[in-house]
Amino acid sequence: MKTQPPSPPTTSCRTRYDKDEVCVPPFNAVPNVGCVYLKEALTTWDDARTCCQAIGGDLYSLGTLSDYTALQNYLGNLTQNEVWVGVKSRKWLNGNDVTASEWSPGVPNDAIDCCARMVKRVGYPHLLDDITCANTYFVLCQLPDP
């Protein structure tokens, strides 16, 4: 009799949407944010996206099961102040426009084809800031919403 190999371990949590969020490693369930993975290696935006896609996800994009304040709280607990997310040409990768409240004060200020990272500044939570895609930062990947 053939036996199936064991399933990979998962983590789960309850979200505010009353759904079980099940994540597979290296992703972790973060309430109201989703299944995310922080890659702690300095990477360009294009390489960051390729890396996230290689593990079954994409760069983090705010979606219907996401909450911007929860994302800011999650990032606020990290020691890294600058993290690539899924914003390019002033749009989230899921096609949503970036709203004025998501940008840092005085931003966007670079060319429209720039990428964005979440930045922690004194007196502010993590907010989006545009910059050339060739710079290197840590990476926030996410699994797609179920």
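Here goes a summary of the coordinates provided. (Residues numbered from 1 in each chain as written. Predicted model: local features only at pLDDT ≥ 70, side-chain atom pairs only at ≥ 80, totals over all residues. Heavy atoms only, no water.)

## Some points on the nonpolar core
Now for step 1: Of all hydrophobic cores here, the largest spans 24 residues; its most connected members are Tyr60, Trp92, Leu128 and Leu140.
Now for step 2: Looking at this core, the elements with two or more residues in it are strand E4 (34–43), helix H2 (68–76), strand E6 (82–88), strand E8 (115–119), strand E9 (127–131) and strand E10 (137–142).
Now for step 3: If one sorts the elements of this core by residue count, H2 sits on top with 5 residues.
Now for step 4: Residue contacts for Trp92: discarding those within four places in its chain leaves Tyr60, Ser61, Leu62, Tyr68, Val85, Gly86, Val87, Asp97, Val98, Glu102 and Leu128.
Now for step 5: With 16 residues, the next largest nonpolar core counts Trp45, Tyr137, Val139 and Leu143 among its residues. (Core = buried A, V, L, I, M, F, W, Y, C linked by side-chain atoms within 4.5 Å. Buried < 20%, exposed > 50% of the residue type's maximum accessible area, 1.4 Å probe, protein only. Helix = DSSP H or I, 4+ residues; strand = E, 2+ residues; numbered from the N terminus. Contact = heavy atoms within 4.5 Å.)

## Some points on unusual backbone geometry
Now for step 1: A cis amide bond, omega 10°, links Pro25 with the succeeding residue Pro26.
Now for step 2: With respect to the helices and strands, the residue Pro26 is situated in the loop between strand E2 (20–23) and strand E3 (28–30).
Now for step 3: Looking along the chain, the bond that leaves Val107 and enters Pro108 is cis, with omega of 10°.
Now for step 4: Relative to the helices and strands, Pro108 is located in the loop between strand E7 (91–92) and E8.
Now for step 5: With a phi close to 65°, Asn32 is a non-glycine residue in the positive phi region.

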